[in-house]
Amino acid sequence: DAKTTQPPSMDCAEGRAANLPCNHSTISGNEYVYWYRQIHSQGPQYIIHGLKNNETNEMASLIITEDRKSSTLILPHATLRDTAVYYCIVGSNQGGKLIFGQGTELSVKP
Amino acid sequence: GAVVSQHPSWVICKSGTSVKIECRSLDFQATTMFWYRQFPKQSLMLMATSNEGSKATYEQGVEKDKFLINHASLTLSTLTVTSAHPEDSSFYICSAREAGNEQFFGPGTRLTVL
């Protein structure tokens, strides 16, 4: 079973920040938090990952709570092309498998 | 990010035939490759994990004799669906990772069995 809980769907206005929450209360000390997204009929796209510090790249920011039991993916200026299913996954960085949950379906609206 | 390709992107076959799907890591050596399947409006389900040069590890409920996986090199893994039936119609996705790095996914292969 997936180790994460995400809301099934969210809406966001174009140009605004999209904040996608994820609960992972059973995360273990050596497990990372990974975020991927899947646009319809395509393979998942890697977004970002982190262990305990906040991370930022050209696509998004990842905020991990101090107790590591939850995190938030932030898309700073959502566009229509960001409409996708976003998956939050916890897993090992040492070749471990990634188990997908149901994800959050983000709809960015004009 | 790293690039993973799949071939073919879609395939239609008759019931009872076998279909081979290729997964390649184009710009890195993948020590581990993974195969997933995805039914409409559902999430990805992990089928198996394969490490180069060794036998694949299948998830519970996945028939290893029906879904043959070969990981012959650090850049190529193949999934063969043997004696395919309509219920095997699905979206098959591979992913690959280099040791210590994140996983990158292929674009997927749409299989339709008539």
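Since we're looking at a predicted model, the values are computed, not measured.

Participant: Report on the pairing of strand 9 (residues 104-109) of chain A, specifying residues and quantitative values.
Facilitator: All names here are of chain A. In strand 9, alternate side chains face the same way, and those of Thr104, Leu106 and Val108 are buried while those of Glu105, Ser107 and Lys109 on the opposite face are not. Pairing between strand 1 (residues 9-13) and strand 9: five bridges, direction parallel. Bridging across to strand 9, serine 9 finds its partner in glutamate 105.

Participant: Break down the interface of chain A and chain B for me, citing the residues and quoting the values.
Facilitator: Of the residues lining the interface, 20 residues belong to chain A; the matching set on chain B comes to 22 residues. Interface area, chain A with chain B, both sides summed: about 1500 Å², of which 51% is carbon and sulfur. Of all residues in chain A, Pro44, Lys97 and Phe100 of chain A bury the most surface against chain B, accounting for 28% of the area lost on that side. Where chain A meets chain B, there are one salt bridge. Our count for the contact surface shared by chain A and chain B stands at six residue pairs in polar contact (both at pLDDT 80 or more). For the side of chain A that touches chain B, the class distribution of residues is eight nonpolar, eleven polar and one charged.

Participant: I'd like a rundown of a nonpolar patch on the surface, residues and numbers included.
Facilitator: Residues and elements named next belong to chain B. A cluster of nonpolar residues, Trp10, Ile12 and Leu114, forms a patch on the protein surface that exposes about 390 Å² of accessible area. Here tryptophan 10 shows up in strand 2 (residues 10-13). Since its relative accessible area comes to 58%, tryptophan 10 is described here as exposed.

Participant: So, the pattern of salt bridges: which residues are in play, and what are the values?
Facilitator: Residues and elements named next belong to chain B. Taken as a whole and assessed by the stated rule, the structure comprises five salt bridges over all chains. Glutamate 22 is paired through a salt bridge with arginine 24; the nearest N and O atoms lie 3.5 Å apart. Judged by relative accessible area, which is 24%, glutamate 22 ranks as partly exposed. Note on arginine 24: relative accessible area 34%, which makes it partly exposed.

Participant: Lay out the sheet that holds strand 7 (residues 70-75) of chain A with the relevant residues and their values.
Facilitator: All names here are of chain A. If you walk across this open sheet you meet the four strands as 2-7-6-5, and the pairing is antiparallel. The open sheet has two edge strands, strand 2 (18-23) and strand 5 (55-56), and neither has a second partner. Sheet topology note: the strand 6 (residues 61-64)/strand 7 ladder contains four bridges and is antiparallel. Among the inter-strand pairings, isoleucine 64 is bridged to a residue of strand 7, identified as serine 71.

Participant: Just give me the short version of the state of the cysteines, but keep the residues and values in it.
Facilitator: All names here are of chain A. Tallying each qualifying case throughout the model produces two disulfides over all chains. In this model cysteine 22 forms its disulfide with cysteine 88; the gap between the sulfur atoms is 2.1 Å. Looking along the S-S bond of the cysteine 22-cysteine 88 disulfide, the torsion reads about -80 degrees, which is the left-handed sense. With a gap of 66 residues between them, cysteine 22 in strand 2 and cysteine 88 in strand 8 (residues 84-92) connect regions that are remote in the sequence. By relative accessible area, which is 0% here, cysteine 88 ends up buried.

Conventions used here
Residues numbered from 1 in each chain as written. Chains lettered and ligands numbered in written order. Predicted model: local features only at pLDDT ≥ 70, side-chain atom pairs only at ≥ 80, totals over all residues. Heavy atoms only, no water. Buried < 20%, exposed > 50% of the residue type's maximum accessible area, 1.4 Å probe, protein only. Helix = DSSP H or I, 4+ residues; strand = E, 2+ residues; numbered from the N terminus. Pairing = 2+ DSSP bridges. Contact = heavy atoms within 4.5 Å. Buried area = accessible area lost by both parts, 1.4 Å probe. Salt bridge = Lys/Arg side-chain N within 4 Å of Asp/Glu carboxyl O. Polar contact = N/O pair within 3.5 Å; in protein donor to acceptor, adjacent residues only side chain to side chain. Nonpolar A, V, L, I, M, F, W, Y, C, P; charged D, E, K, R; others polar. Patch = residues over 30% accessible without salt bridge, like charges linked within 9 Å, V, L, I, M, F, W, Y side chains within 5 Å. Areas by Shrake-Rupley, 256 points an atom, 1.4 Å probe, with all protein chains shown as cover. Disulfide = S-S within 2.5 Å.

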